[in-house]
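# Topology and contacts: notes
What follows is each chain in one-letter form.
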Amino acid sequence: MTKSRVAITGIGCVSALGMEQHTIWKNLRERIISCTPVPDWLFHTELPYPVFAAPQEPLSEAGRDLLEDTLSDFPTGVMSRTLNLAVSAVAEALNQARIDLQYLRRKKVGIAMGTTVGCTFNNEDYYEQWRRGMKPDLAPIFHYLSGNLAQALHGILSTQGPSAVVTNACASGTDAIGLAKGWIASGACDLAVAGGADELSRIAYNGFAGLQLSDTEQCRPFDRHRKGLNLGEGAGLLVLEEENQALERGITPLGWVRGYGSASDAWHPTAPHPEGRGLKYAFGQALADAGLSIQDVAMINAHGTGTKANDLAEANALSDLLPKSCHVAVVSTKGMTGHTLGAAGALEAINTLLALRQGVTPGTYGYQSSDPQLPVNPIPQGISAPLPTRIGMSQSLAFGGGNAALVIEARP
Amino acid sequence: MRQEVAVTAMSVSTNKDNEPVPASLKRTLRRADGLTTQAVVATAQALAKAPSRELAPVEVGIFVGTAFGPLEINFRFLDTLLDDGEGQASPTLFSHSVHNMAAGYISRLLDLRGPALTMTTFAWPFLTALDTAWQFMAQKKVRRALVTAVEAKSAVLEDALRRLGASDHSTSVEEAVACVLDPVEWAPPGYPVLQDLKINEVPCAPQILLTRKGERWASQSSQCPTGPLDHALAIIKALTHLRSKNADDVLTSNITSLFGDVRLTWRTNEGKP
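Residues numbered from 1 in each chain as written. Chains lettered and ligands numbered in written order. Predicted model: local features only at pLDDT ≥ 70, side-chain atom pairs only at ≥ 80, totals over all residues. Heavy atoms only, no water.

### With respect to the overall build of chain A
Put simply, the rule is: The helix and strand labels rest on DSSP assignments: H or I over at least four residues marks a helix, E over at least two residues marks a strand, and numbering proceeds from the N terminus. We compute the radius of gyration from the C-alpha atoms alone; for a globule the expected value is 2.2 Å times N to the 0.38, where N is the number of residues. A simple rule labels every residue: compare its accessible area, found with a 1.4 Å probe on the protein chains alone, to the largest value its type can have, and call it buried under 20%, exposed over 50%, or partly exposed in between. Only heavy atoms matter for contacts: two residues are in contact if any of them lie within 4.5 Å across the pair. Under the counting rule used here, the positive set is Lys and Arg, the negative set is Asp and Glu, and His together with the chain ends is not counted. Think of each charge as sitting on NZ of Lys, CZ of Arg, CG of Asp or CD of Glu.
Looking only at helices and strands, chain A has 14 helices and 14 strands in total. In terms of overall dimensions, chain A is globule-like: its C-alpha atoms have a radius of gyration of 20 Å, near the 22 Å expected for 412 residues. Within chain A, the proportion of its 412 residues that are buried is 68%. Long-range pairs, those at least 24 residues apart, make up 79% of the contacts in chain A between residues at least 6 apart in sequence. Within chain A, one finds 31 positive and 38 negative side-chain charges whose respective centroids are separated by 4 Å.

Okay, structure coming up:
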């Protein structure tokens, strides 16, 4: 049996840019950003690194409606901020795909989520009491055990089907979407909810500070004066289904996940291979999976964190991958969302789809002066690039040497 | 039914037996925690036992499953943050607290450059990683898959288990188990050939995911132990016993538990073990 293409029929996103896709696209275009000192309602810090925080209330109206409608036994009162962000994105994506709970529960639903902070026991109060020999109430342990994102979403939605939490550090969201694409293509499930979610945490914030990878100012991906990243938070989710199924439901796809590739640097625990060895292979795999060539690609949403090492490795890889005659618009959106870790790959895949659908991509916020050491220059801040085709790529690099890439096609 | 895949090698590495770290890996593992070390050693051992194949580094994928990941490294990082204050926390501990660090070390030390995915789930991390590896093989994304499950000992979880009255269920062993998946034509005689895997997780009280109360393993194979499972890695250790007296018998092995059930269908490759 020939399978039809893997269609994207709904997207949902939450980040510092806003609580839903239309606001996010508007703010991306108009460069309305929210990069601030760490809000006290998140955690207190004396460190000087700004962040991109999502709204204080992470649960959108659509998310609240979804929780009310599900009537599940899931203990919604103890949901983590990461899970609340994910629920908001799921609600938006399901609404756009015109999928209600009754339909969803009749289907075999795969849920693939990428995360980093969202899979870790980060309750400082519990740990501090425990190490002082006290016996803290076990509730935080139970919340942690209830918090596996994919299982929690299955529990909330009362759905059944494949479940995976991909913890590939900063490439998690990209790999989760690639994994779900495989589920749909192989018939492992009827539809999939795939993406990533992560909240800002004091532990990760201090970790990146300790690694001296954070910028005290707003991050400047690929810029000559870049000094590091800013952390962010958010969630991005895609509803994926076989194209024929979507058409039978009367749904016109927003686009398609055409290709996915993943590869390792086999190089260093935290630094990328300087020539982007793994990235180049993942990129080629994704194109081969899509049955396309680089000439078909109009834009690349780079990982572009703003750290010296990442941007150099990525530019070196892209320099090898992009023929000189090929004018592909390279951008990074982390100057407007921060680095949202496990959510980054998913949010960036969505930003790529939004740009492809409009036929134009905003430039790279924070990139104003070219770095002579980088062989590839992205579209600068303040410039919008028209996109001649509706095909783009979104790529992620990660601690541990992971690399992943997606080929996304938009329906105009 | 899926495309068959063969388990061509398996290995267990545990700190309980003071498993020696091979000299060739010692230097590079000097900063690695026990979880990463056990994962690398188990995977290297499994790979050494696997049939010799001429494969490019990008053709081999790494699939790691874990329930709790480097939880204790996370706590040690937290210790530095709580004791030494902001700006003084250990960057090395932080970088090693990410869940995919073991996969990264395996990739680097064994020079494997295909996909490296880490799957985190409390129910059946090894089987989830196996399921993903199987998919990648079926889709021709890799020609060989290394599937590794690893758990670290955790004093915090041990204490929680004691307080839940389940101290006989242990998280105190730092342990990794690895297997190699190859296409069926590479299966040595007597080795299991996997035919299908169905994992069905269901919601349960959270403490069950820690105590694993009620989880049982049963197999049609007379050589495979049956009974309760008390550790996230117990399932793969049970799988290492998969053998059938009669080659090509199609057998099933099942896990039942309060957090779902699993059905694995398999046969033994032709020839005597």
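### A few points about the overall build of chain B
Here is the rule: Shrake-Rupley sampling with a 1.4 Å probe provides the accessible areas, and residues are treated as covered by the protein chains on show and by no other component.
The secondary structure content of chain B amounts to nine helices and 10 strands. Pairs at least 24 apart in sequence give 76% of the contacts found in chain B among residues at least 6 apart. In the structure as shown, chain B presents an accessible area of about 10100 Å², 48% of it carried by carbon and sulfur atoms.

### A closer look at the pattern of salt bridges
Residues and elements named next belong to chain B. Counted only if it meets this: For this analysis, a salt bridge means a side-chain nitrogen from Lys or Arg found within 4 Å of a carboxyl oxygen belonging to Asp or Glu.
A complete count under the given rule lists 28 salt bridges over all chains for this structure. Here D131 makes a salt bridge to R2, at a shortest N to O gap of 2.5 Å. Of this pair, D131 sits in helix α6 (residues 125-138) while R2 sits in the segment before β1 (5-14), placing them 129 residues apart in sequence. A salt bridge links R53 to D182; its shortest N-O distance comes to 2.5 Å. Highlighted residues: R53 in the loop between α2 (34-49) and β2 (60-66) and D182 in strand β5 (residues 175-182), separated in sequence by 129 residues. We note that R53, like D182, is buried.

### Concerning the packing of aromatic side chains
The test is simple: Note on ring pairs: Phe, Tyr and Trp rings are taken, using the six-membered ring of Trp, and paired if centres are within 6.5 Å. Classes follow the plane angle, with under 30 degrees stacked, over 60 edge-to-face and the rest tilted. Each ring is checked for a lysine NZ or an arginine CZ that lies within 6 Å of its centre and within 35 degrees of its normal; such an atom marks a charge sitting over the ring.
All told, the structure shown has 16 aromatic pairs over all chains when counted by the stated rule. Centre to centre, the rings of Y127 of chain A and W130 of chain A are 6.0 Å apart; their planes meet at 25 degrees, and the pair counts as stacked. Residue Y127 of chain A and its partner W130 of chain A are both found in helix α5 (residues 124-131); the two are separated by three residues, about one turn of the helix. For the pair F68 of chain B and F122 of chain B, a centre-to-centre distance of 5.5 Å together with 45 degrees between the ring planes defines the contact as tilted. Of this pair, F68 of chain B sits in the loop between β2 and α3 (71-84) while F122 of chain B sits in the loop between β3 (116-120) and α6, and the two are 54 residues apart along the sequence. Neither residue differs from the other here; F68 of chain B and F122 of chain B are each classed as buried. Over the ring of W256 of chain A we find R5 of chain A; its NZ or CZ atom is 4.1 Å from the centre of that ring. The ring centre of W134 of chain B lies 4.5 Å from the NZ or CZ of R2 of chain B, which sits over that ring.

### Considering the packing of α5 of chain A against helix α7 (residues 155-163) of chain B
What counts here: Axes, fitted as lines to C-alpha atoms, cover a helix only where it is in contact. Angles between the N-to-C directions of the axes lie from 0 to 180 degrees. Roughly parallel covers angles under 35 degrees, roughly antiparallel covers those over 145, roughly perpendicular covers 65 to 115, and oblique covers all other angles. In this classification, the charged set is Asp, Glu, Lys and Arg, the nonpolar set is Ala, Val, Leu, Ile, Met, Phe, Trp, Tyr, Cys and Pro, and all remaining amino acids, among them Gly, are polar.
Contact geometry of α5 of chain A with α7 of chain B gives a least axis separation of 11 Å together with a crossing angle of 80 degrees. The pairing of α5 of chain A with α7 of chain B is recorded here as roughly perpendicular in orientation. On α7 of chain B, the residues touching Y126, Y127 and W130 of chain A of α5 of chain A are A155, V156, D159 and R163 of chain B. Residue classes in the contact of α5 of chain A with α7 of chain B are distributed as five nonpolar, no polar and two charged.

### A word on the nonpolar core
Under the convention used in this document: Remark: nonpolar core denotes a set of buried residues (Ala, Val, Leu, Ile, Met, Phe, Trp, Tyr, Cys) joined through side-chain atoms within 4.5 Å. Domain borders in the structure are assigned automatically or taken from a domain database.
Ranked by internal contacts, the top residues of the largest apolar core, which has 159 residues, are I8, I141 and L240 of chain A together with F68 and L181 of chain B. Viewed by domain, this core spans two of them, domain 1 (6-255) and domain 2 (257-401) of chain A, each represented by three or more residues. The residues contacting F68 of chain B, other than those within four sequence positions of it, are Y144 and L145 of chain A together with H99, F122, E151, L157 and L210 of chain B. The next biggest cluster of nonpolar side chains, apart from the first, holds 37 residues, and it includes V87, L101, L149 and L237 of chain A.

### Digging into a negative patch on the surface
Residues and elements named next belong to chain A. We count it as follows: Patches were defined on residues exceeding 30% relative accessible area and lacking a salt bridge, with like-charge contacts within 9 Å and nonpolar side-chain contacts (Val, Leu, Ile, Met, Phe, Trp, Tyr) within 5 Å.
Together, E61, D65, E68 and D69 give the surface a local cluster of negative charge. Relative to the assigned elements, D65 resides in helix α2 (residues 61-70). According to the relative accessible area criterion, D65 is partly exposed, its value standing at 37%.

### Considerations on helix α7 (residues 149-157) of chain A
Residue and element names in this part refer to chain A. By the criterion of burial, α7 is predominantly enclosed, with nine of the nine residues buried. Among all positions of α7, only L149, A150, Q151, A152, L153, H154, G155, I156 and L157 are buried. A positive phi of about 55 degrees marks S158, the residue just after α7.

### Let's talk about the environment of L354 of chain A
Residue and element names in this part refer to chain A. Tracing the backbone through its elements, the reader meets L354 in helix α14 (residues 344-358). For the pair L354 and G402, spaced 48 residues apart in sequence, the C-alpha to C-alpha distance is 26 Å. Discounting chain neighbours no more than four positions away, the residues touching L354 are I11, Q21 and W25.

### Thoughts on the domain arrangement of chain A
All names here are of chain A. Definition in use: Using a 1.4 Å probe, buried area is obtained as the accessible area two parts lose upon being combined, added over both of them. Any N or O atom pair separated by 3.5 Å or less is treated as a polar contact, with the protein-specific requirement of one donor-capable and one acceptor-capable atom, and with residues adjacent in sequence counted only for side-chain atom pairs.
Taken domain by domain, chain A comprises domain 1 (6-255) and domain 2 (257-401). For domain 1 versus domain 2, the separation of C-alpha centres amounts to 21 Å. Taken together, the 66 residues of domain 1 in the interface contact 61 residues of domain 2. Interface area for domain 1 against domain 2, summed over the two sides, is near 5000 Å², with a carbon-plus-sulfur share of 67%. Inspection of the domain 1/domain 2 interface yields three salt bridges. The closest approach of N and O atoms between D311 and R226, which form a salt bridge, is 3.6 Å. If you look at where domain 1 meets domain 2, you find 18 residue pairs in polar contact (both at pLDDT 80 or more).

### Here we look at helix α9 (residues 202-210) of chain A
Residues and elements named next belong to chain A. Counting buried residues along α9, eight of its nine residues qualify, which places the element largely inside the surrounding structure. Listed in full, the buried residues belonging to α9 are R202, I203, A204, Y205, N206, G207, F208 and A209. Where α9 ends, the next residue or the one after it, Q212, has phi of about 55 degrees, a positive value.

### Considerations on the pairing of strand β9 (residues 250-257) of chain B
Residues and elements named next belong to chain B. Quick note on the threshold: Pairing between strands is defined by DSSP: at least two bridges between the two strands are required.
Pairing between strand β7 (residues 216-219) and β9: four bridges, direction antiparallel. Following the sheet pairing, W217 is matched in β9 by I255. Relative to strand β10 (residues 260-268), β9 is paired through eight bridges, and the arrangement is antiparallel. Paired with V250 across the bridge in β10 is R267. Linking β9 back to β10 in an antiparallel pair, the connection comprises two residues.

### Section: empty space enclosed by the protein
Worth spelling out the cut-off: A cavity, in this analysis, means grid points on a 1 Å lattice covering only the protein atoms where a 1.4 Å probe fits yet has no way out; a pocket is instead an open set bounded by protein on both sides within 12 Å along at least five of seven lines, and a residue lines either one if it has an atom within 4 Å of a point. Grid points are joined across faces, edges and corners, and a volume is the space filled by probe spheres set on the points.
Scanning all chains against the criterion turns up six cavities of 30 Å³ or more. A volume near 240 Å³ is recorded for the largest cavity. T116 and V117 of chain A together with F94, S97 and V98 of chain B are the residues nearest the centre of the largest cavity, which is lined by 20 residues in total. The element best represented in the lining of the largest cavity is α9 of chain A, accounting for three residues. For the lining of the largest cavity, the per-class residue count stands at 11 nonpolar, nine polar and no charged.

### Some points on the interface of chain A and chain B
Taken residue by residue, the interface counts 62 residues in chain A and 59 residues in chain B. Buried area between chain A and chain B, summed over both chains or domains, comes out near 5200 Å², and the portion from carbon and sulfur atoms is 61%. Counting the surface chain A buries against chain B, the share from its top three residues, Y127, W130 and L145 of chain A, is 12%. Note that R131 of chain A and D79 of chain B form a salt bridge whose closest N and O atoms lie 3.1 Å from each other. Along the contact surface separating chain A from chain B lie 25 residue pairs in polar contact (both at pLDDT 80 or more). Residue contributions to the side of chain A that touches chain B peak at seven residues, all from α9 of chain A. Looking at the side of chain A that touches chain B, its residues break down into 29 nonpolar, 23 polar and 10 charged.

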